[in-house]
Amino acid sequence: MKKTFKETGISDKLISALKNQGITEPTEVQEAAVPVILSGKNAIVRAETGSGKTLAYLLPVFMKTDTALRSAQTIILTPTHELAVQVYRQACLLAENSGLDVRSALVIGDAGLARQLEKLKEKPQIIVGSAGRIYDLIGKRKIPAHTVKTIVVDEADRMLDKMNADMVRAIVKTTLKDSRQMIFLSASMNRDAVEIARELCTEPPVFCMAEEKLPSSISHYCIVAELRDKINIIRKIVHGEKAKKTIVFINNPENIEVTVEKLRYHSLKAVGLYGGTRRDERRKAINEMISGKAEILVASDLVSRGLDIPEVTHIINLDIPEEPTTYLHRAGRTGRSGKAGKVISIATAGEKRYVNKCARALGIKVEYVRMREGKMIPDTGLPKGRPLKKEPSPAVKANRKNKSDFKK
């Protein structure tokens, strides 16, 4: 039987705050993870995208925060600035709606350091941000690591990969070994990430591992096309599907600007977002998508982690991801909180094998379709635009044979 927030151990003030956001009952991951985190145990949490992982750790973090102690008590590490901003805003919203004096600070690179230092002077209990900037400020004694009791590693498989794991280790080592709690969350946790997570825990972690899958509310399609036709097919999809908010994923960030220009040439309101974009441009692109000024966001996989743009109805893979985990995180940008969504991969004949590989690994059904008169219809495998060749009748066959014999 499904638990209530009260039964998971959440306070009345936080329950009231959640109601103000239209949230009345816990999701599966919240129901499983909140009591474990509240108990102070280390946790490795895996759950499908859009299932409420952020609140799964923020709610118990709020419960465990000592509001009388004006010092850093929780550090939340994220792989992208966009995710850090989303977590920070959710923390601020919880504090505002609950009336709890829990203060948060956003600490990320490529942002005004002076402003962040001013925020830290307010002695926030929760620090949200990028590992590099947080480690730097710990080293400068702007963040008191000795008072930190909880470290949350969001999108843990990304944060514990070869590029980021050492920085996470360095931050963990600055905190007190005997009193810290480690929490790791992601939609996918590979074996290497789990091993590193275990290594960082002084006590064995509790596993809250849902099946690595995509919500059933998401439908999956593939359109086979020549490379030169892909942009035009996006135009047909957006118009035919009346897609108001679409994210187009490509593999190479260097191609984003060119792709945006091609889409704009077809009178589509497109914006781009990738790792090298300036922070103000990234924020502008996201805000235009959220407000509806833009209908297409072209992005690389950097932003597929944790990015939450409300009401995204379509994901289009302009380039096909070679790994199922990448497909999983891309697809997770739609169909959130039980809403319907569509993932459409536009593949060349050679790229079909990657689509099929992802489908097998994730246990999803991909329907092969083509665009016709603004609609997606099943692709029967026949050459486009060519009618089925009918078998000639016996009379016609006899007539053809007589003409052939006459010529001889």
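What you see is a predicted model, and the numbers here were worked out from it, not measured in a lab.

Participant: Can you walk me through the overall build of the chain in this structure?
Facilitator: Each helix and strand in the chain was counted, giving 16 helices and 15 strands. Put simply, the chain has 408 residues, and 50% of those count as buried. Intrachain contacts of the chain at a sequence separation of at least 6 include 74% that bridge at least 24 residues. Total accessible area computed for the chain in this model is approximately 20600 Å², and 50% of it derives from carbon and sulfur atoms.

Participant: What is the right way to read the environment of Ile138 from this model?
Facilitator: Secondary-structure assignment places Ile138 in helix 7 (residues 131–139). Look at Ile138 and you get buried, because its relative accessible area is 10%. Measuring from C-alpha to C-alpha, the distance between Ile138 and Ile171 comes to 8.1 Å, with 33 residues separating the pair along the chain. For Ile138, the contacting residues outside a window of four places in its chain are Ile75, Ile143, Ala145, Ile171 and Thr174.

Participant: Explanation requested: unusual backbone geometry in the structure shown.
Facilitator: For residues besides glycine, phi is generally negative; the peptide bonds are generally trans as well. The phi angle at Arg141 is positive, at roughly 60 degrees, despite the residue not being glycine. Inspection of the secondary structure puts Arg141 in the loop between helix 7 and strand 5 (150–154). Look at Glu155: it is not a glycine, yet its phi comes out positive at around 50 degrees. Along the chain, Glu155 falls in the loop between strand 5 and helix 8 (156–159). The buried category is assigned to Glu155, whose relative accessible area is 4%.

Participant: Help me out: how do you make sense of the confidence of the model for the chain in this one?
Facilitator: Close inspection of predicted coordinates is inappropriate for parts of the model with low pLDDT. Per-residue confidence for the chain averages 88 on the pLDDT scale, and 89% of its residues sit at or above 70. The least confident element of the chain, judged by mean pLDDT, is helix 16 (residues 394–407) at 49; the most confident is strand 2 (residues 74–77) at 98. Every residue in residues 382–391 scores below 50 in pLDDT, and together they form three contacts with partners more than four places removed in sequence or on other chains.

Participant: Help me out: how do you make sense of helix 9 (residues 165–173) in this one?
Facilitator: Owing to its 3.6 residues per turn, the α-helix aligns residues three or four sequence positions apart on the same side. Residues of helix 9 that are buried: Ala165, Val168, Arg169, Ile171 and Val172. Buried residues in helix 9, looked at end-on, bunch into an arc of 165 degrees, giving them a common side. Away from its buried face, by an angle of more than 90 degrees, helix 9 presents the exposed residues Asp166 and Lys173. Against the buried residues of helix 9 lie strand 2, helix 7, strand 5, helix 8, strand 6 (181–186) and helix 10 (191–200).

Participant: It is not clear to me how the packing of aromatic side chains should be interpreted in this structure. Could you clarify?
Facilitator: Each aromatic ring pair is described using two quantities: the centre-to-centre distance and the angle formed by the ring planes. Overall, the coordinates contain zero aromatic pairs when judged by the stated rule. In this arrangement the basic side chain of Lys352 is found over the ring face of Tyr368, its NZ or CZ atom lying 5.5 Å from the centre.

Participant: Please clarify how the packing of helix 4 (residues 53–64) against helix 5 (residues 81–98) should be interpreted in this entry.
Facilitator: Two quantities define a packed helix pair, namely the angle between the helix axes and the distance between the axes. Across the interface, helix 4 lies against helix 5 with an axial gap of 11 Å and an inter-helix angle of 45 degrees. It follows that helix 4 is oblique to helix 5 by the angle criterion. Our pair here, helix 4 against helix 5, has a crossing hand that is right-handed. For the pair helix 4 and helix 5, the contacting residues are Thr54, Leu55, Tyr57, Leu58, Leu59 and Phe62 in the first and Val87, Gln90, Ala91, Leu94 and Ala95 in the second. Within the contact of helix 4 with helix 5, the residues separate by chemical class into nine nonpolar, two polar and no charged.

Participant: Would you take a moment to explain the pairing of strand 15 (residues 375–378) for this structure?
Facilitator: Moving residue by residue along a regular strand, the side chains alternate between the two faces of the sheet. In this structure, strand 14 (residues 366–372) lies alongside strand 15, joined through four bridges in antiparallel fashion. In the sheet register, Arg372 faces strand 15, and the bridge partner there is Lys375. Hairpin connection, strand 14 to strand 15: the antiparallel pair is bridged by two residues, and Glu373 has positive phi, about 55 degrees.

Participant: What is the right way to read the sheet that holds strand 1 (residues 43–46) from this model?
Facilitator: Sheets are built from strands paired through backbone hydrogen bonds, the pairs being either parallel or antiparallel. Strand order across the open sheet formed by seven strands is 3-4-2-5-6-1-7, with parallel pairing between neighbours. Taken across any chain shown, the strands that pair with only one partner, and hence form the sheet edges, are strand 3 (104–107) and strand 7 (206–209). Averaged over all pairs of adjacent strands, the angle between their axes in this sheet comes to 15 degrees, without regard to strand direction. Packing of helix 4 onto the sheet brings it into contact with strand 2, strand 4 (126–129), strand 5 and strand 6, and relative to strand 5 it is tilted by some 170 degrees.

Participant: Explain the sheet that holds strand 13 (residues 341–347) to me, please; I cannot follow it from the model alone.
Facilitator: Across the sheet, eight strands lie side by side as 10-11-9-12-13-8-14-15; this open sheet has mixed pairing. The two strands at the open ends of the sheet, each matched to only one other strand, are strand 10 (270–273) and strand 15. Within the sheet, the average angular offset between the axes of one strand and its neighbour, ignoring direction, is 30 degrees. Two elements, strand 8 (residues 218–224) and strand 13, share seven bridges in a ladder whose sense is parallel. Paired with Val224 across the bridge in strand 13 is Ala347. Lying over the sheet, helix 13 (residues 279–291) contacts strand 9 (246–249), strand 10 and strand 11 (296–299), oriented at roughly 140 degrees with respect to strand 10. With respect to the sheet, helix 14 (residues 324–331) is in contact with strand 8, strand 9, strand 12 (314–317) and strand 13, its orientation differing from that of strand 12 by roughly 150 degrees.

Participant: Any chance you could explain the nonpolar core here in plain terms?
Facilitator: Formed by 40 residues in total, the largest nonpolar core has its most connected members in Tyr57, Leu59, Phe62, Ile76 and Leu94. Broken down by element, the residue count for this core peaks at eight residues, all from helix 5. Leaving out residues up to four positions away in the same chain, Leu59 has contacts with Phe5, Ile10, Leu14, Leu18 and Leu94. In this structure, Leu120, Ile138, Met182 and Ala197 belong to the second largest nonpolar core, which totals 33 residues.

Participant: Which parts of the structure should I look at to understand the packing of helix 7 against helix 9?
Facilitator: Their axes nearest at 10 Å, the elements helix 7 and helix 9 cross at an angle of 35 degrees. Handedness of the helix 7/helix 9 crossing: left-handed. Along the contact surface, helix 7 presents Ala131, Gly132, Ile134, Tyr135 and Ile138, while helix 9 presents Met167, Ala170 and Ile171. Residues of the contact of helix 7 with helix 9, tallied by class, amount to seven nonpolar, one polar and no charged.

Reading the values: the criteria
- Residues numbered from 1 in each chain as written.
- Predicted model: local features only at pLDDT ≥ 70, side-chain atom pairs only at ≥ 80, totals over all residues.
- Heavy atoms only, no water.
- Helix = DSSP H or I, 4+ residues; strand = E, 2+ residues; numbered from the N terminus.
- Buried < 20%, exposed > 50% of the residue type's maximum accessible area, 1.4 Å probe, protein only.
- Contact = heavy atoms within 4.5 Å.
- Areas by Shrake-Rupley, 256 points an atom, 1.4 Å probe, with all protein chains shown as cover.
- pLDDT = per-residue confidence, 0-100.
- Arc of directions from axis to C-beta.
- Phe/Tyr/Trp six-rings, centres within 6.5 Å; stacked < 30°, edge-to-face > 60°.
- Lys NZ or Arg CZ within 6 Å of the ring centre and 35° of its normal.
- Axes fitted to C-alpha atoms, helices over the stretch in contact; angles between N-to-C directions.
- Parallel < 35°, antiparallel > 145°, perpendicular 65-115°, else oblique.
- Left-handed = near helix turned anticlockwise from the far one by under 90°.
- Nonpolar A, V, L, I, M, F, W, Y, C, P; charged D, E, K, R; others polar.
- Pairing = 2+ DSSP bridges.
- Core = buried A, V, L, I, M, F, W, Y, C linked by side-chain atoms within 4.5 Å.

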